[in-house]
Protein chains: 2
Amino acid sequence: MPPSPSEFAFIDSIRRAVRGDPRVPLGIGDDAALVRTVSAGCLVTVDMLMEGTDFTFPPATPQLAGRKSLAVNLSDIAAMGGVPTAAFVSLALPKSRGAAFASDIQAGIQALADEFDVVIAGGDTNSWDGPLVVSVSVLGEPGTRPPVRRSGARPGDWIFVTGACGGSIHGRHLTFTPRVKEAAALLAAVDVHAMIDVSDGLSADLHHILDESGVGAEVEAASIPIHPDTALDATRDPLERALGDGEDFELIFTVSPEDGRRLLESPPPAVSLTRIGTIVEQNARTLSLPDGRVIPLPRSGWEHHLGKAGGA
Amino acid sequence: MPPSPSEFAFIDSIRRAVRGDPRVPLGIGDDAALVRTVSAGCLVTVDMLMEGTDFTFPPATPQLAGRKSLAVNLSDIAAMGGVPTAAFVSLALPKSRGAAFASDIQAGIQALADEFDVVIAGGDTNSWDGPLVVSVSVLGEPGTRPPVRRSGARPGDWIFVTGACGGSIHGRHLTFTPRVKEAAALLAAVDVHAMIDVSDGLSADLHHILDESGVGAEVEAASIPIHPDTALDATRDPLERALGDGEDFELIFTVSPEDGRRLLESPPPAVSLTRIGTIVEQNARTLSLPDGRVIPLPRSGWEHHLGKAGGA
């Protein structure tokens, strides 16, 4: 469908914000953008966020919904050890919410883009009778090293996580800082073998690394960094939430024991790191509980009680 | 939100289809894909299609909806004179429609991707209670020449269109062939000054070229190639539909008179071309009607009758 006049106006407002970035020789105003690539390849990630699933209004504001739709993609580029450069924003805007809603979403996206020096290089703006849908695609430079994959974990590796996990639904899933700078600092300091960002949950995403690497893991429950936000719901177990909640957008990564010791002795500035376990051979995926029990590392959330935890 | 088991299965099925393409050294299975770039830049385009706006079921099938969601993006890359290489597919799948619906959409996307040698390199699959939303991002190689912009039209240029326009709503908007091969053939034969694909409508998209190039145009109504599908609705004027309907996904382009004559004398094989007018200085945008009247070139559809046409 042809864009409505308000969609043209929206595109024009983005266009003005974009003009003149050397990384995007051709931006909005043609059928496709031209994004300059320094390396022989570019990282690409896409995420689609839907009203009612990934955010609701309230507690989310349009600015925060826009922010999150870009932030989750920056987190993906960070998890590859890359540097995000350009973003493309597709919108299905609810007709009932009007033009201010659209520009608030754009403002939320643009503010985070500015913070991370990402250029909004294009998009597709539509309106309809349905709820808000935002699909963002982000391109990134791989950086000086090959991209860090999920599949590089080796037996003996130490498993780390940045920040703390759990309880993001109380607000942090809208306001988190994608760990782009942290990933760059880690890659500059050590040889990161495998990395992923925590979207499905600390436990589920660690399983992704284990699956892709063909290895197992021994995780110490007592070492899991539990976010204080988990206390905002007293009916649920904080450890369970830290392992199962998802949308923390912290980084899980593995390094050799030598590099692990180096990180603990002199962590990169402003990077919060916790060792949570060790990579082992394939057939063991365990969680050591504070009471001494060793249970299978759950793949997702518990079945309500630690005692019912099952290995996937 | 973490993907559901059916979403994981869907991602796995895509992953199997993708494996092993040298243009995508890292595909599905990491946080981002790595797409190889041959040139110092890549073309990027995104389009979001929504059920109820861009297609309805029926007459569309899930295969055709999937096909269209990729085809519109291939058309954008073609309009830049590029070669599409990799596609990323974000889906919001209606929960009510089940798993077969999802795999039918994927099959429609994959079949067209195979036809144009495009690798499906990643995506984001979600399900929700809303209607189907498909957002596709396509990367392309700029080819051996700089990308063809909308802004390159010069006074004196001849204006051409591929194929025929109008009436695509009767079915062609779902089944059209993106003019990737035609664009490549044109670029190999002549120096294309400006190009755009017909999504908003022949007249509206020509206006985009004129706006971006800062020029005017004299268009001959009698020369407009009118698609026979316009006859499927006898209540509307075929010429009006050819100029105003949209979603033809043909290419409008301009070349020098010398190149124009060359194209008419020896058109590239299998490329249907019609000259529809001439680029002129800025302040004239006219449409010469068969009855001798000269009216302002309408920006979009007529006001129901030719006599009411206004220059937008």
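Our structure's up above, just so we're on the same page.
Reference entry: report on the structure contained in this document. Source: prediction; values computed, not measured.

What counts, and at which threshold
- Residues numbered from 1 in each chain as written.
- Chains lettered and ligands numbered in written order.
- Predicted model: local features only at pLDDT ≥ 70, side-chain atom pairs only at ≥ 80, totals over all residues.
- Heavy atoms only, no water.
- Axes fitted to C-alpha atoms, helices over the stretch in contact; angles between N-to-C directions.
- Helix = DSSP H or I, 4+ residues; strand = E, 2+ residues; numbered from the N terminus.
- Parallel < 35°, antiparallel > 145°, perpendicular 65-115°, else oblique.
- Left-handed = near helix turned anticlockwise from the far one by under 90°.
- Contact = heavy atoms within 4.5 Å.
- Nonpolar A, V, L, I, M, F, W, Y, C, P; charged D, E, K, R; others polar.
- Buried area = accessible area lost by both parts, 1.4 Å probe.
- Salt bridge = Lys/Arg side-chain N within 4 Å of Asp/Glu carboxyl O.
- Polar contact = N/O pair within 3.5 Å; in protein donor to acceptor, adjacent residues only side chain to side chain.
- Pairing = 2+ DSSP bridges.

**Notes on the packing of helix H2 (residues 62-79) of chain A against helix H3 (residues 98-115) of chain A**
Residue and element names in this part refer to chain A.
- H3 packs onto H2 with a crossing angle of 40 degrees between their chain directions and a minimal axis gap of 7 Å. The pairing of H2 with H3 is recorded here as oblique in orientation. Here H2 and H3 pass one another in a crossing that is right-handed. On H3, the residues that touch Pro 62, Gln 63, Gly 66, Arg 67, Ser 69, Leu 70, Ala 71 and Leu 74 of H2 are Phe 101, Asp 104, Ile 105, Gly 108, Ile 109, Leu 112 and Ala 113.
- Of the residues belonging to the contact of H2 with H3, the class tally is 9 nonpolar, 4 polar and 2 charged.

**A closer look at the interface of chain B and chain A**
- With 60 residues of chain B at the contact, the number on the chain A side is 60 residues.
- For the pairing of chain B and chain A, the buried interface totals around 4,800 Å² over both sides, and the portion due to carbon and sulfur atoms is 58%.
- Taken together, the connections running from chain B to chain A amount to 4 salt bridges.
- For Asp 31 of chain A, the salt bridge goes to Arg 150 of chain B, with nearest N and O atoms at 3.1 Å.
- Linking chain B to chain A there are 23 residue pairs in polar contact (both at pLDDT 80 or more).
- In terms of residue count, strand E2 (residues 41-50) of chain B provides more of the side of chain B that touches chain A than any other element does, 9 residues in total.
- When the residues that make up the side of chain B that touches chain A are grouped by side-chain class, the tally is 32 nonpolar, 13 polar and 15 charged.
- Note: strand E1 (residues 33-36) of chain A against E2 of chain B, 4 bridges, orientation antiparallel. By the bridge assignment for E2 of chain B, Arg 36 of chain A is matched with Gly 41 of chain B.

**Focus on unusual backbone geometry**
- A cis amide bond links Phe 57 of chain A to the next residue, Pro 58 of chain A, at an omega of -25 degrees.
- By the secondary structure assignment, Pro 58 of chain A is in the loop between strand E2 (41-50) and H2.
- With an omega of 10 degrees, the peptide bond running from Pro 58 of chain B to Pro 59 of chain B counts as cis.
- Within the secondary structure, Pro 59 of chain B is located in the loop between E2 and helix H2 (62-79).
- Phi angles above zero are rare outside glycine, and Glu 247 of chain B is one such case at about 60 degrees.
- Along the polypeptide, Glu 247 of chain B turns up in the loop between helix H7 (238-244) and strand E9 (251-255).

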